[in-house]
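# Observations on the three-dimensional arrangement
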Amino acid sequence: NAGVMQNPRHLVRRRGQEARLRCSPMKGHSHVYWYRQLPEEGLKFMVYLQKENIIDESGMPKERFSAEFPKEGPSILRIQQVVRGDSAAYFCASSIGAGRQETQYFGPGTRLLVL
Amino acid sequence: AQSVTQLDSQVPVFEEAPVELRCNYSSSVSVYLFWYVQYPNQGLQLLLKYLSGSTLVKGINGFEAEFNKSQTSFHLRKPSVHISDTAEYFCAVSDHSNQGGKLIFGQGTELSVKP
């Protein structure tokens, strides 16, 4: 059973460009979480999605960031007009259920560098 | 609001020595607690979790943690570390305020095992 897949693993963008990060959850998992890890910091929650629904986006910046998890295909985290402060590692996690006790399985992350 | 504090940002230790990585949390309700490990340039891997029941939780790779409600702590221990345990360790609590199980992470503790 393949784990959580994320691509690309590394992404370089210039200021003002768009970044698209993809996450394929583990087979059978329909719950996806996105976290951001800034340099020298822990992970911070961004958004929680189920298929075709955003359940909790309380950690998403108000502008330029959006996320989706369509019925078919991977979850996408989209960052428009990137700035240098967006440089970070972005991790996706998936779980089989919605409860607080469910284990989240993390992908290897996408490391975004904004020049 | 819930929070997690990891008291040590870096812990250097010699191989085969015991180690304790400290974690304190704040919460007014029942908590679910997790320890994850992150090897360089990789995603997070679950070491162990506390949901209920026995306060001593055993995890993978010889790690264990003890839930102490009165001290609001969940310290991670290993009686004898290996070079391969060198990694970043994150303590996390499952947030209770919203739907789903978003995790609130501590700042991380970098464990460095020296020969």
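What counts and how
Residues numbered from 1 in each chain as written. Chains lettered and ligands numbered in written order. Predicted model: local features only at pLDDT ≥ 70, side-chain atom pairs only at ≥ 80, totals over all residues. Heavy atoms only, no water. Disulfide = S-S within 2.5 Å. Helix = DSSP H or I, 4+ residues; strand = E, 2+ residues; numbered from the N terminus. Buried < 20%, exposed > 50% of the residue type's maximum accessible area, 1.4 Å probe, protein only. Pairing = 2+ DSSP bridges. Axes fitted to C-alpha atoms, helices over the stretch in contact; angles between N-to-C directions. Contact = heavy atoms within 4.5 Å. Buried area = accessible area lost by both parts, 1.4 Å probe. Salt bridge = Lys/Arg side-chain N within 4 Å of Asp/Glu carboxyl O. Polar contact = N/O pair within 3.5 Å; in protein donor to acceptor, adjacent residues only side chain to side chain. Phe/Tyr/Trp six-rings, centres within 6.5 Å; stacked < 30°, edge-to-face > 60°.

Here we take up the state of the cysteines. By the definition in use, this model includes two disulfides over all chains. Bridging C23 of chain A to C92 of chain A, the disulfide has an S-S length of 1.7 Å. Because the torsion about its S-S bond is -45°, the bridge between C23 of chain A and C92 of chain A counts as left-handed. Taken as a pair, C23 of chain A in strand β3 (residues 19-24) and C92 of chain A in strand β9 (residues 88-95) lie far apart in primary sequence, 69 residues in all. Each member of the pair, C23 of chain A as well as C92 of chain A, is classed as buried. Paired through a disulfide, C23 of chain B and C91 of chain B show a sulfur-sulfur distance of 2.0 Å.

Our next topic: the sheet that holds strand β7 (residues 65-68) of chain A. Residue and element names in this part refer to chain A. Pairing is antiparallel in the open sheet, where four strands are placed in the order β1-β3-β8-β7. On the outer flanks of this sheet lie β1 (5-7) and β7, each paired with one strand and no other. With direction set aside, neighbouring strand axes in the sheet form an average angle of 15°. Where β7 meets strand β8 (residues 75-79), four bridges bridge the pair, whose relative direction is antiparallel.

It is worth spelling out the interface of chain B and chain A at this point. Contacts between the two partners involve 26 residues from chain B, matched on the other side by 25 residues from chain A. Approximately 2,000 Å² of surface area, both sides summed, lies buried where chain B meets chain A, with 50% of it carried by carbon and sulfur atoms. Area buried by chain B at its contact with chain A is led by L44, K102 and F105 of chain B, which between them contribute 23% of it. Between chain B and chain A we count one salt bridge in total.

All names here are of chain B. Tracing the chain through its elements places S3 in strand β1 (residues 3-5). Look at S3 and you get partly exposed, because its relative accessible area is 32%. When the C-alpha positions of S3 and N24 are compared, they lie 8.5 Å apart, and in sequence the two are 21 residues distant. In this structure the side chain of S3 is engaged in a polar contact, spanning 2.7 Å, whose partner is the side chain of S26.

With that settled, the discussion passes to the packing of aromatic side chains. Tallying each qualifying case throughout the model produces 14 aromatic pairs over all chains. Measuring from centroid to centroid gives 5.5 Å for Y35 of chain A and F106 of chain A, while their planes differ by 40°, and the two rings are tilted. Highlighted residues: Y35 of chain A in strand β4 (residues 31-37) and F106 of chain A in strand β10 (residues 105-106), separated in sequence by 71 residues. Residue Y35 of chain A is classed as buried on the basis of its relative accessible area, which comes to 0%. For the ring pair Y36 of chain B and F105 of chain B, a centre distance of 6.1 Å and an interplane angle of 55° mean the geometry is tilted. Separated by 69 residues along the polypeptide, Y36 of chain B in strand β5 (residues 33-38) and F105 of chain B in strand β11 (residues 103-105) bring together distant segments of the chain. Exposure class is identical for Y36 of chain B and F105 of chain B. Each is buried.

Residues and elements named next belong to chain B. Tracing the backbone through its elements, the reader meets V4 in strand β1. Judged by relative accessible area, which is 10%, V4 ranks as buried. Remark: the alpha-carbon pair of V4 and S80, spanning 76 residues in sequence, is separated by 26 Å. If near-sequence neighbours (up to four positions away) are discounted, V4 is found in contact with C23, N24, Y25, C91, A92, V93, I104, F105 and G106.

Scanning the entire structure with this criterion turns up nine salt bridges over all chains. One salt bridge connects R78 of chain A with E18 of chain A, and the closest N-O pair in it is separated by 2.9 Å. With R78 of chain A in strand β8 and E18 of chain A in the loop between β2 (10-13) and β3, this pair connects stretches of sequence that are 60 residues apart. With a shortest N-O distance of 3.4 Å, R77 of chain B and E66 of chain B are connected by a salt bridge. Residue R77 of chain B is found in strand β9 (residues 73-78), and its partner E66 of chain B is found in strand β8 (residues 64-68); the two are separated by eleven residues along the sequence. For E66 of chain B, a relative accessible area of 33% puts it in the partly exposed group.

The next thing to look at is unusual backbone geometry. Cis geometry marks the peptide bond from N7 of chain A to P8 of chain A; its omega dihedral reads -5°. Its place among the elements puts P8 of chain A in the loop between β1 and β2. Here R64 of chain A, not a glycine, exhibits a phi torsion of approximately 75°, which is positive. Positive phi outside glycine occurs at E16 of chain B, with the angle close to 75°.

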